[in-house]
Amino acid sequence: MAELTKLESKLAEVLGLAQAAQGATDKIAKLVEEEDEQIAQTLRRMHEEAAETEQRATDVAGELDGKKTAILDKARETKGEATEMMSTYLGDDAEGLDGLEFLIMAEAGETGHWEILGKLNERAGQADVRELVDWALPIQQRHFEQARECSLQLAGEEDPNEVE
Ligand SMILES: [Fe+2]
């Protein structure tokens, strides 16, 4: 198995998080659907963007000589860990707002990882990685904001006196 550099390993992590984000937005869209269709649609759009992020990150991994398999393996590991975190957080009784709360954490984590990849690449200076980060980071920042805004909107619609 090819050894990964720190940069390649971080690329694998953002790739794995983009894969996990597709499962997360799917699951949370289903939780939210009955409560608020517009929020569910925002989540479906986030799902599409996560799929495109996965595609673009995979393309960049494919340009790194002989590292693609190792990067995809590590990405799968990251995806597994993130998915496990989600199932720990969201039990069987999870509602839409629980899902959005999880998404705030997930999108914040994703954003942080992209920023770190960009920082590592300042010294590595790989043009394709820079291009990928420049494309993905603003989208992640928007995802984080959307997760916050959607959760606050849904919280505003809840009856605070309702017994759980
Ligand atoms: Fe995201």
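Residues numbered from 1 in each chain as written. Predicted model: local features only at pLDDT ≥ 70, side-chain atom pairs only at ≥ 80, totals over all residues. Heavy atoms only, no water.

Asker: Just to check I follow, could you spell out the coordination of the iron ion for this structure?
Answerer: Six octahedral donors at a metal ideally form angles of 90 or 180 degrees, and four tetrahedral donors ideally form angles of 109.5 degrees. Distances from the iron ion to its protein donors, namely Glu107 (OE), Glu110 (OE), Gln140 (OE1) and His143 (ND1), fall within the range 2.2 to 2.6 Å. Note that the iron ion binds four donor atoms; their angles at the metal cover 74 to 176°, and the shape is irregular. In primary-sequence terms, the residues that donate to the iron ion follow E-x2-E-x29-Q-x2-H. Of the two residues, glutamate 110 sits in helix H4 (residues 96–124) while histidine 143 sits in helix H5 (residues 127–157), which places them 33 residues apart along the sequence. Taken as a pair, glutamate 110 and histidine 143 share a single burial class, namely buried. (Donors = N, O, S within 2.8 Å, 3.2 Å for Na, K, Ca; no water. Tetrahedral: all angles 85-135°; square planar, octahedral: opposite > 155°, others 65-115°. Helix = DSSP H or I, 4+ residues; strand = E, 2+ residues; numbered from the N terminus. Buried < 20%, exposed > 50% of the residue type's maximum accessible area, 1.4 Å probe, protein only.)

Asker: It is not clear to me how the packing of helix H1 (residues 6–33) against H4 should be interpreted in this structure. Could you clarify?
Answerer: Packed helices, taken two at a time, are described by the angle between their axes plus the distance between the axes. With their axes 9 Å apart at the nearest point, H1 and H4 run at an angle of 160° to one another. As the angle between them shows, H1 and H4 are arranged roughly antiparallel. Relative to H4, H1 is oriented so that their crossing is left-handed. Within the contact of H1 with H4, the residues separate by chemical class into 17 nonpolar, six polar and four charged. (Axes fitted to C-alpha atoms, helices over the stretch in contact; angles between N-to-C directions. Parallel < 35°, antiparallel > 145°, perpendicular 65-115°, else oblique. Left-handed = near helix turned anticlockwise from the far one by under 90°. Nonpolar A, V, L, I, M, F, W, Y, C, P; charged D, E, K, R; others polar.)

Asker: Can you walk me through H5 in this structure?
Answerer: In an α-helix, one full turn covers 3.6 residues, which means residues spaced three or four apart are oriented alike. In a regular helix each residue adds 1.5 Å, so 31 residues correspond to 45 Å; H5 covers 46 Å between its end C-alpha atoms and thus fits that length. Roughly 25° is the biggest bend found in H5, and it falls at alanine 136, with proline proline 138 one to four residues downstream. (Expected span 1.5 Å × (residues − 1). Bend = angle between axes of the 7 residues up to and from the residue.)

Everything listed here is a matter of geometry and, on its own, says nothing about what the molecule does.
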